[in-house]
Amino acid sequence: NAGVTQTPKFRVLKTGQSMTLLCAQDMNHEYMYWYRQDPGMGLRLIHYSVGEGTTAKGEVPDGYNVSRLKKQNFLLGLESAAPSQTSVYFCASSYREGTYEQYFGPGTRLTVT
Amino acid sequence: KNQVEQSPQSLIILEGKNCTLQCNYTVSPFSNLRWYKQDTGRGPVSLTIMTFSENTKSNGRYTATLDADTKQSSLHITASQLSDSASYICVVSGPLDTGRRALTFGSGTRLQVQP
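Only a predicted model underlies this, so the values are computations on that prediction, with no experimental measurement involved.

**Q** I tried to follow the overall build of chain A on my own but got confused; where do I start?
**A** Scanning chain A from terminus to terminus reveals zero helices and eleven strands. Sequence-ordered secondary structure for chain A, helices as α and strands as β, is β-β-β-β-β-β-β-β-β-β-β. In chain A, buried positions account for 47% of the 113 residues. Taking the intrachain contacts of chain A between residues at least 6 apart in sequence as the baseline, contacts between residues at least 24 apart amount to 55%. On chain A, roughly 5,400 Å² of surface is accessible, and the fraction owed to carbon and sulfur atoms is 51%. In chain A, 11 positive and 9 negative side-chain charges are present, and the distance between their average locations comes to 7 Å.

Put into structure tokens, the structure is as follows:
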């Protein structure tokens with residue numbers, strides 16, 4: 001039982017390049033989330049999904065797209081990377097909302113030059 | 001704007017000592033409050049989750065308290081260990097603009113336990 005995994009762990013992009021971050025969970029969770037964590041700030045929600053085939057915008061969705069084609073996978077895409085997207089990205093999953101725990105992946109450190 | 005403020009920003013204590021971390025929030029309406037531990041280079045791990053009706057919750061040497069009237073919470077760590085060195089994040093469940101619920105994260109307190 002691996003929990004929540006993220007690939008890649010590190011990536012350096014040039015401005016304007018695109019990339020996809022992959023999140024996978026093996027806990028059969030319905031809900032999945034993408035967050036970004038910047039120095040001195042709390043984690044902020046980018047996009048989330050309440051089930052296979054659904055996605056919704058979070059607090060800071062601009063510049064990102066997501067897809068949830070399979071229940072266990074949640075992809076985060078950057079179509080044209082900008083230096084402001086330099087951050088650590090965390091994926092999380094939970095069985096339901098409410099008081100259900102969110103389980104986090106190990107993070108992806110992205111640098112955009 | 002919904003906010004979660006934590007204090008202190010950083011703290012250094014000696015191994016074996018106790019410490020208390022503070023969290024004030026303005027999130028409304030409020031559903032639940034969580035404390036997470038985040039080791040350097042890792043994702044956050046949940047320590048406790050409390051609803052508005054709970055005043056205290058423990059997880060081993062970690063005890064969280066909640067005063068929903070004053071919108072304050074604290075995390076008390078007893079008999080600290082070197083492995084307690086981490087960031088501790090207070091998280092409050094509140095509404096997104098769409099009406100759905102989302103988690104509002106504090107920026108964390110960085111705790112360093114020295115031998």
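Next, the rest of the story.
**Q** So what exactly am I meant to see when it comes to unusual backbone geometry here?
**A** The general pattern is negative phi for most residues beyond glycine and trans for most peptide bonds. The step from Ser-7 of chain B to Pro-8 of chain B runs through a cis peptide bond, and the omega angle for that step is -10 degrees. The residue Pro-8 of chain B is located in the loop between strand 1 (4–7) and strand 2 (10–14) in this model. Omega for the peptide link from Ser-28 of chain B to Pro-29 of chain B comes to -5 degrees, which places this bond in the cis form. Residue placement: Pro-29 of chain B occurs in the loop between strand 3 (19–25) and strand 4 (32–38). Even without being a glycine, Asn-28 of chain A presents a positive backbone phi close to 60 degrees. On the secondary structure map, Asn-28 of chain A appears in the loop between strand 3 (19–25) and strand 4 (31–37).

**Q** Honestly, the sheet that holds strand 8 (residues 72–77) of chain B in this entry has me stumped. Any pointers?
**A** Two orientations exist for strands paired in a sheet by backbone hydrogen bonds: parallel and antiparallel. Residue and element names in this part refer to chain B. On the basis of which strands lie adjacent, the open sheet formed by five strands has the order 1-3-8-7-6 and antiparallel pairing. Of all strands in the sheet, those bounded by a partner on one side alone are strand 1 and strand 6 (56–59). Pairs of neighbouring strands in the sheet enclose a mean axial angle of 15 degrees, with direction left out of account. Bridge analysis of strand 6 against strand 7 (residues 62–67) gives four bridges, and the strand direction is antiparallel. Residue pairing for strand 7: Ser-58 is matched across the bridge by Thr-63.

**Q** Sorry if this is basic, but what is going on with the pattern of salt bridges here?
**A** One side chain can pair with another of opposite charge once the charged atoms of both are near each other. All names here are of chain A. Applying the stated rule across the entire model yields five salt bridges over all chains. Here Glu-30 and Lys-71 are joined by a salt bridge, their closest N and O atoms 2.9 Å apart. Separated by 41 residues along the polypeptide, Glu-30 in the loop between strand 3 and strand 4 and Lys-71 in the loop between strand 7 (64–67) and strand 8 (73–78) bring together distant segments of the chain. Where salt bridges share partners, they join Arg-36, Asp-38 and Arg-44 into one cluster.

Calculation notes
Residues numbered from 1 in each chain as written. Chains lettered and ligands numbered in written order. Predicted model: local features only at pLDDT ≥ 70, side-chain atom pairs only at ≥ 80, totals over all residues. Heavy atoms only, no water. Helix = DSSP H or I, 4+ residues; strand = E, 2+ residues; numbered from the N terminus. Buried < 20%, exposed > 50% of the residue type's maximum accessible area, 1.4 Å probe, protein only. Contact = heavy atoms within 4.5 Å. Areas by Shrake-Rupley, 256 points an atom, 1.4 Å probe, with all protein chains shown as cover. Lys, Arg positive; Asp, Glu negative; His and termini not counted. Charge placed at Lys NZ, Arg CZ, Asp CG, Glu CD. Pairing = 2+ DSSP bridges. Axes fitted to C-alpha atoms, helices over the stretch in contact; angles between N-to-C directions. Salt bridge = Lys/Arg side-chain N within 4 Å of Asp/Glu carboxyl O.

Nothing here speaks to function; it is all geometry.
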